[in-house]
Amino acid sequence: MRMTLCQAVCVSVAILLNIAGSLCQLDVCGQAPRNTKIVGGENAGVGSWPWQASLHKISFPGHFCGGSLINKDWVLSAAHCFQTISGFNVKIYLGRQLQSGSNPNEVSRTVTQLITHPNYSSTTQNNDIALLQLSSPVTFSDYIRPVCLAAAGSAFGGGTASWITGWGKLKSADTSLPNTLQEVQVPIVNNSVCDKAYGGKITSNMMCAGVNEGGKDSCQGDSGGPMVSKNDSLWIQSGIVSFGEGCALAKFPGVYARVSQYQSWISSQIGSDLPGFVSFNSLESSSGSLLLFSLSLTSYIIPLIFSFYLFS
């Protein structure tokens, strides 16, 4: 049946409105109003990383993994955190600064749905990504708000400044976790360099970060937490803490799940109120990248719809 011109226009408008709806998370994501200073390897300031999540076991209270808030209903984490833990045994804390002590800006939620990537491999750690649906939506504040996610095709060149946060061990030999949220700045390491260090184990679904001399890295307890980079005024999550050779060893950067590889998967699982996906290219100016991304979608969809009108 031939689509009329009026129908084609209506469909065009509907699709563009849907695109606008999927981009609305960009109004709030990646903003950290209280993040006024960055210092590597030290205590993070209160509210500096408002998307940071602390995951606890309900049956045996205590932090075991990190995560990041990506909209009012979902937290992103690592699949390997849940190999022996069900989603119903997880409590998520947001707005937390201290593991022991007063957290006046904190809220907590249980988990109604845990989704690990269907192709996650516990042997290779490929596709080390998971989604957790909160038992009820959270209200955003200066201390609790979502991070933006790296859009498909984003490029984080070697040397790109990145920050990792969490309550993981300060040294691999430590028997306890720090009380205060930690932050450290590390540069991205090219996959080709990282792959040589790990003997060919690094896939295109992974990315690496660290310093050659060691001493700055994520460690046990940081798993599932975010690695972020700043794009103009927005913080964008590039990676999810996955694995490494020890902690902060020289010539062995930390390995992270590459978030930009999973835009389609994340969107298909969440369905609505999608996270804010932002294109990042550390080799080029990022100014206006979101606008260009939106316009490229528009320029592709409009001709496609009118082709249906002309040839149906």
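Residues numbered from 1 in each chain as written. Predicted model: local features only at pLDDT ≥ 70, side-chain atom pairs only at ≥ 80, totals over all residues. Heavy atoms only, no water.

Trainee: Looking at this structure, how should I read the pattern of salt bridges?
Mentor: Opposite charge on two side chains makes pairing possible when the charged atoms of those side chains draw close. Applying the stated criterion to the full structure yields three salt bridges. Ionic pairing is found between Glu106 and Arg96, a salt bridge with its closest N-O pair at 2.5 Å. Highlighted residues: Glu106 in the loop between β5 (90–94) and β6 (107–116) and Arg96 in the loop between β5 and β6, separated in sequence by ten residues. Residue classification places Glu106 among the partly exposed residues on the basis of a relative accessible area of 24%. Residues Arg145 and Asp142 are paired through a salt bridge, measuring 3.6 Å at the closest nitrogen-oxygen approach. Residue class for Arg145 comes out buried when judged on its relative accessible area of 13%. (Salt bridge = Lys/Arg side-chain N within 4 Å of Asp/Glu carboxyl O. Helix = DSSP H or I, 4+ residues; strand = E, 2+ residues; numbered from the N terminus. Buried < 20%, exposed > 50% of the residue type's maximum accessible area, 1.4 Å probe, protein only.)

Trainee: Sorry, what's going on with the state of the cysteines here?
Mentor: Put plainly, two cysteines are in a disulfide when a covalent bond ties their sulfur atoms together. Applying the stated rule across the entire model yields four disulfides. Across the disulfide, Cys219 is cross-linked to Cys247 (sulfur-sulfur distance 1.9 Å). With the S-S dihedral at roughly 85 degrees, the linkage between Cys219 and Cys247 falls on the right-handed side. Of this pair, Cys219 sits in the loop between β11 (206–209) and β12 (226–231) while Cys247 sits in the loop between β13 (234–243) and β14 (254–258), and the two are 28 residues apart along the sequence. (Disulfide = S-S within 2.5 Å.)

Trainee: Explain the packing of aromatic side chains to me, please; I cannot follow it from the model alone.
Mentor: Between two aromatic rings, the relevant description is the distance of the centres plus the angle of the planes. Under the criterion given, the structure shown has seven aromatic pairs. A centroid spacing of 6.1 Å and a plane angle of 65 degrees characterise the contact between Trp49 and Trp51, whose relative ring orientation is edge-to-face. By the burial criterion, Trp49 is buried, and Trp51 matches it. Each ring, one from Trp163 and one from Trp235, has its centre 5.1 Å from the other, and the planes form 90 degrees; the classification is edge-to-face. Of this pair, Trp163 sits in strand β9 (residues 161–166) while Trp235 is found in strand β13, placing the two residues 72 residues apart along the sequence. A connected cluster of aromatic rings, assembled from ring pairs, spans Trp49, Trp51, Trp163 and Trp235. Lying over the aromatic face of Tyr93, Arg96 brings its terminal NZ or CZ to 4.0 Å of the ring centre. (Phe/Tyr/Trp six-rings, centres within 6.5 Å; stacked < 30°, edge-to-face > 60°. Lys NZ or Arg CZ within 6 Å of the ring centre and 35° of its normal.)

Trainee: Got a minute to help me understand the nonpolar core in this structure?
Mentor: For soluble globular proteins, the rule of thumb is that nonpolar side chains tend to be buried together. By size, the foremost hydrophobic cluster in this structure holds 46 residues, and its most contacted members are Leu55, Ile70, Leu76, Val90, Ile92 and Ile266. Contributing elements (two or more residues each) for this core: β2 (52–57), β3 (63–69), β4 (74–77), β5, β6, β7 (130–134), β13 and α3 (263–270). The biggest single contributor to this core is β7, with four residues. The next biggest cluster of nonpolar side chains, apart from the first, holds 18 residues, and it includes Ala150, Ile164, Met227 and Leu234. (Core = buried A, V, L, I, M, F, W, Y, C linked by side-chain atoms within 4.5 Å.)

Trainee: Quick question: what am I supposed to make of the environment of Leu114 here?
Mentor: As for its placement among the helices and strands, Leu114 is situated in strand β6. Of the residues examined, Leu114 reaches a relative accessible area of 27% and is grouped as partly exposed. Once the C-alpha coordinates of Leu114 and Ala130 are considered, the two residues, 16 residues apart in sequence, prove to be 7.2 Å apart.

Trainee: What is the right way to look at the side chain of Asn231 in this model?
Mentor: By the secondary structure assignment, Asn231 is in strand β12. Note on Asn231: relative accessible area 6%, which makes it buried.

Trainee: So what exactly am I meant to see when it comes to the environment of Gly45 here?
Mentor: Within the secondary structure, Gly45 sits in the loop between β1 (42–43) and β2. Given a relative accessible area of 34%, Gly45 falls into the partly exposed group. As a C-alpha pair, Gly45 and Arg34 span eleven residues in sequence and 8.0 Å in three-dimensional space.

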